[in-house]
Amino acid sequence: MADKSSQGEPKPEAQFAKRIDPTKEALTREQLQFIRQVELAQWKKKSVKLRGRNVATGLAIGAVVLGIYGYTFYSVSQERVMEEIDEEARAAKLQAPKTGAN
């Protein structure tokens, strides 16, 4: 809706950020330079957010990788302990006196 002035007449709508196609419209060198300047400013503004997201994503991926790496070492060390227990059980079984149940 248009705003009404004190006399009751509607104000003309202001044009903001009218979309144009630079390939179809004849633009001056200054206009093209201004477009590039605005696009560069928008890109810089967005790159700060993207950099933060990239850092957070990298840290999350790194944490997952380190977790998997640590779990692998933990499970391998558990396997060694189980192997040692099995070897001790075999040795104890060989040293135990033979009975009819063995």
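The model shown is predicted, which means the values in this text are computed figures rather than measured ones.

**Student:** What's the story with a positive patch on the surface in this structure? I'm lost.
**Tutor:** A contiguous patch of positive charge, built from Lys45, Lys46, Lys49 and Arg53, is present on the exposed surface. Relative to the helices and strands, arginine 53 resides in helix H1 (residues 29-95).

**Student:** Would you explain the packing of aromatic side chains in this entry?
**Tutor:** The relative placement of two aromatic rings is captured by the distance of their centres and the angle of their planes. Counted according to the given criterion, the structure contains one aromatic pair. Geometrically, the ring pair formed by tyrosine 69 and phenylalanine 73 is edge-to-face, given 4.9 Å between the ring centres and 75 degrees between the ring planes. Of this pair, tyrosine 69 and phenylalanine 73 are both found in helix H1, four residues apart, which corresponds to roughly one turn of the helix.

**Student:** I'm lost on the UniProt feature "transmembrane region" (unreviewed entry) in the protein chain in this one. Help?
**Tutor:** Following the UniProt record, the feature "transmembrane region" (unreviewed entry) maps to residues 54-74 here. Taken end to end, residues 54-74 is 100% helix and 0% strand, and its first and last C-alpha atoms sit 30 Å apart.

What counts as what
Residues numbered from 1 in each chain as written. Predicted model: local features only at pLDDT ≥ 70, side-chain atom pairs only at ≥ 80, totals over all residues. Heavy atoms only, no water. Patch = residues over 30% accessible without salt bridge, like charges linked within 9 Å, V, L, I, M, F, W, Y side chains within 5 Å. Areas by Shrake-Rupley, 256 points an atom, 1.4 Å probe, with all protein chains shown as cover. Salt bridge = Lys/Arg side-chain N within 4 Å of Asp/Glu carboxyl O. Lys, Arg positive; Asp, Glu negative; His and termini not counted. Charge placed at Lys NZ, Arg CZ, Asp CG, Glu CD. Helix = DSSP H or I, 4+ residues; strand = E, 2+ residues; numbered from the N terminus. Phe/Tyr/Trp six-rings, centres within 6.5 Å; stacked < 30°, edge-to-face > 60°. UniProt positions renumbered as here; feature names shortened; annotations may be inferred.

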